[in-house]
Amino acid sequence: MMFQRDLESLPKDELQALQLRRLQDLCARIYANVPFYQRRFDEIGITPKDIKSLSDIKYLPFTEKQDLRNNYPYGLFAVPKENIVRLHASSGTTGKATVVGYTQRDIDNWANCMARSYASVGLTQKDMLHIAYGYGLFTGGLGAHYGAERLGAVAIPMSGGSTKRQVQLMKDFGATALCCTPSYALYLYEAAKEAGINPQELPLRIGVFGAEPWTENMRHDLEEKLGIKAYNIYGLSEVMGPGVAVECMEGSHGMMHIQEDQFYPEIIDPITGEQLPDGEEGELVLTTLTKEGIPLLRYRTRDITSINNVPCACGRTFRRITRLKGRSDDMLIIRGVNVYPSQIESIIVEAEGTAPHYQIVLAKEGALDTVEVLIEVAENSFDDTIKSLQKREQKIQKTIKEFLGVTTKVRLVEPKSIERTEGKAKHVIDNR
Ligand code: DLL
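Residues numbered from 1 in each chain as written. Predicted model: local features only at pLDDT ≥ 70, side-chain atom pairs only at ≥ 80, totals over all residues. Heavy atoms only, no water.

Caption draft 1: View of the overall build of the protein. Looking only at helices and strands, the protein has 11 helices and 21 strands in total. Relative to its length of 432 residues, the protein is compact, with a C-alpha radius of gyration of 22 Å against a globular reference of 22 Å. Overall, the C-alpha framework of the protein stretches about 70 × 55 × 40 Å when taken along its three principal axes. With 432 residues in all, the protein has 56% of them scored as buried. Carbon and sulfur atoms form 50% of the exposed surface of the protein, whose accessible area is close to 19,100 Å². Distance between charge centres in the protein, computed from 52 positive and 57 negative side chains, equals 1 Å. (Helix = DSSP H or I, 4+ residues; strand = E, 2+ residues; numbered from the N terminus. Rg over C-alpha atoms; globule rule 2.2 N^0.38 Å. Buried < 20%, exposed > 50% of the residue type's maximum accessible area, 1.4 Å probe, protein only. Areas by Shrake-Rupley, 256 points an atom, 1.4 Å probe, with all protein chains shown as cover. Lys, Arg positive; Asp, Glu negative; His and termini not counted. Charge placed at Lys NZ, Arg CZ, Asp CG, Glu CD.)

Printed below as a string of structure tokens:
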């Protein structure tokens, strides 16, 4: 089912014509209303009128997170404040938060993108969505919420926290879908088991998980434990929030259709900034084609993926991005080898007798980087002898070395000893 079939299945030439019109309009708007962009255009000697085709976008300047910070809080807004109806902000683990503002039309478009996302994974107005993304400045909760209402489904605004109560209400209310981070879904599963509730016996049938990188193995694990189909959803607050891209029911391996009528995607080489062709892996760059509050031109997401342009059996003509490995700034360089935490996760989730809770601890011994991988033992295999635990540690160590080329020290730790999170999991602790 498509929520906005006319748009979601636009023939390619019509889609491109729409994108070009919107790109030209965007450039005219930001040139006229955002001094930051006017300066950028002037510096490179381009005016909005010079944009004659979509491929001209490669001549336009990028926007980076730092630009939002430098213009904190409202410097990049393109409309007067009286036209803004909502603010959100990203938490900003490093440096200042970034603030984004929405006009009523932006909120409307966002609700549509989220409603499309739900329809894309098979949800309808008959569904009840237990929304456990955080409500607040984080875009997850309210984004998921407005989309559910737009679809005509029931939104249950749980937000994060009170995990025990959440499972009870999930059961009492009969939620059919769960929206939260994949790591929180795992936590909810544990809490349910502790409360004597078997998640597989609940009416829950679909999970809409995102906001952090997760793997195919984690998907299988969650599907099995919760008795659901688990789908991947992507988004970022700077560009909108959740619903920028989402899987469909035909899809495989976490590939997600980008809402291309709203966001123009490019993949670039993160070092040179050159555009890369579809199929090649690089950094995702997004241009907001319709956004009014804080429109962004060629926003560098730092997320690493590739664009797949193979037509999809679901009928959507929007291209897909492949499952995100992580952010370029999350990439660990361990003794010269590049590794993403999600690659380590993939191996951990496959390993026998472990729970998918882990932490990667980096330290320095002299000039050398050391990596310790802490992994929880599954409850049912905690009684094993020390010897057998050591054997399993070595086995995982060997697999990591074999597949990723890095030497690690794997340590199996007690069940529940790694901290649980309600939002995005913190998998890496860098003490270097
Ligand atoms: O995480 C928006 C969101 C909420 C998306 C709920 C999906 C569901 P931010 O807090 O601004 O916004 O963080 C955005 O999270 O640049 C990615 O690095 C990461 N991310 C989001 N979704 C995925 C995903 C929200 N499905 C940043 N897979 C992005 C991998 C993801 N990483």
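Caption draft 2: Expanded view of the pattern of salt bridges. Counted according to the given criterion, the structure contains 28 salt bridges. Measuring nitrogen to oxygen at the nearest pair gives 3.1 Å for the salt bridge that ties E8 to R316. Taken together, the residues span a long stretch of sequence, with E8 in helix α1 (residues 5–8) and R316 in the loop between β14 (307–308) and β15 (320–321) at a distance of 308 residues. Relative accessible area serves as the criterion here: at 2%, E8 is assigned to the buried category. For R316, a relative accessible area of 7% translates into the label buried. One salt bridge in this structure joins R105 and E292, with 2.8 Å as the shortest N-O distance. Taken together, the positions of R105 in helix α5 (residues 104–120) and E292 in the loop between β12 (282–288) and β13 (299–305) put the pair 187 residues apart, joining distant regions of the chain. Shared partners join several salt bridges into a network, and the residues in it are E216, R219, E247 and R323. (Salt bridge = Lys/Arg side-chain N within 4 Å of Asp/Glu carboxyl O.)

Caption draft 3: Expanded view of helix α2 (residues 12–33). Relative to the 32 Å expected for 22 residues at 1.5 Å per residue, α2 spans 31 Å between its end C-alpha atoms, a close match to the ideal helical length. For α2, the full list of buried residues reads L15, L18, Q19, L20, L23, L26, C27, R29 and I30. (Expected span 1.5 Å × (residues − 1).)

Caption draft 4: Inspection of the layout of surface pockets at higher detail. Each pocket or cavity is described by its volume, and for the second largest pocket that value is around 510 Å³. Looking at the second largest pocket, it is lined by 28 residues, and the ones nearest its centre are K12, Q16, E260, D278 and R319. Of all the secondary structure elements, the ones that give two or more residues to the lining of the second largest pocket are α2, β10 (263–268), β11 (275–276) and β14. Classifying every residue of the lining of the second largest pocket by side-chain character gives 12 nonpolar, nine polar and seven charged. (1 Å grid on protein atoms, 1.4 Å probe; cavity = no way out; pocket = protein on both sides within 12 Å on 5 of 7 lines; lining within 4 Å. Points joined across faces, edges and corners; volume = space filled by probe spheres on them. Nonpolar A, V, L, I, M, F, W, Y, C, P; charged D, E, K, R; others polar.)

Caption draft 5: Main features of the packing of aromatic side chains. By the definition in use, this model includes six aromatic pairs. Aromatic pair Y31 and F41: ring centres 5.8 Å apart, planes at 70°, arrangement edge-to-face. One end of the pair, Y31, is in helix α2; the other, F41, is in helix α3 (residues 35–44), with 10 residues separating them in the sequence. Judged by relative accessible area, F41 falls into the buried class, the value being 0%. Taken together, a centroid distance of 5.0 Å and an interplanar angle of 10° make the contact between Y102 and W110 stacked. The pair formed by Y102 and W110 is uniform in burial state, with each residue classed as buried. The ring of Y146 carries R86 above its face, with NZ or CZ at 4.6 Å from the centroid. In this structure, R300 is placed above the aromatic ring of F62, and the distance from its NZ or CZ to the ring centre is 5.4 Å. (Phe/Tyr/Trp six-rings, centres within 6.5 Å; stacked < 30°, edge-to-face > 60°. Lys NZ or Arg CZ within 6 Å of the ring centre and 35° of its normal.)

Caption draft 6: Region of interest: empty space enclosed by the protein. In this structure the tally under the stated criterion is five cavities of 30 Å³ or more. Around the largest cavity, the lining residues are Y102, D106, N109, W110, M240, Q262, F263, T288, T290 and K291. The biggest single contributor to the lining of the largest cavity is α5, with three residues. Class assignment of the residues belonging to the lining of the largest cavity gives a composition of four nonpolar, four polar and two charged.

Caption draft 7: Focus on the site of the ligand. Around the ligand sit 19 residues in total, of which N232, I233, S237, D303 and K424 are the nearest. Within the backbone of I233, one N or O atom sits 2.7 Å away from a nitrogen atom of the ligand. Bound to the protein, the ligand loses 93% of the 620 Å² it would expose on its own. Going through the elements one at a time, α6 (139–151) and β7 (229–236) are the ones with two or more residues in the shell around the ligand. Per element, the largest residue contribution to the shell around the ligand is five residues, and it comes from β7. Within the shell around the ligand, the residues separate by chemical class into nine nonpolar, six polar and four charged. (Near = heavy atom within 4 Å. Polar contact = N/O pair within 3.5 Å; in protein donor to acceptor, adjacent residues only side chain to side chain.)

Caption draft 8: The arrangement of the sheet that holds strand β21 (residues 428–430) in detail. One open sheet accounts for four strands, arranged β20-β19-β18-β21; its pairing is mixed. Since the sheet does not close on itself, it has two edges, and those belong to β20 (409–413) and β21, each with one partner. Between one strand and the next, the sheet's axes are offset by a mean angle of 20°, whatever the strand orientation. Here strand β18 (residues 354–365) pairs with β21 via three bridges, running parallel. Paired with L362 across the strands is D430, a residue of β21. (Pairing = 2+ DSSP bridges. Axes fitted to C-alpha atoms, helices over the stretch in contact; angles between N-to-C directions.)

Caption draft 9: Examining the sheet that holds β11 more closely. Read across the open sheet, the four strands follow the order β11-β10-β12-β13; overall the sheet is antiparallel. The open sheet is flanked by β11 and β13, the only strands paired with a single partner.

Caption draft 10: Main features of the nonpolar core. Ranked by internal contacts, the top residues of the largest apolar core, which has 68 residues, are L23, Y118, L123, L129, Y234, L297 and I321. For this core, the element with the highest residue contribution is α5, accounting for seven residues. Every residue in contact with Y118, bar those within four places of it in the chain, is listed here: L123, L129, A144, G147, A148, L151, C179 and V208. Membership of the second largest hydrophobic core comes to 26 residues, among which are L169, Y184, L202 and L204. (Core = buried A, V, L, I, M, F, W, Y, C linked by side-chain atoms within 4.5 Å. Contact = heavy atoms within 4.5 Å.)

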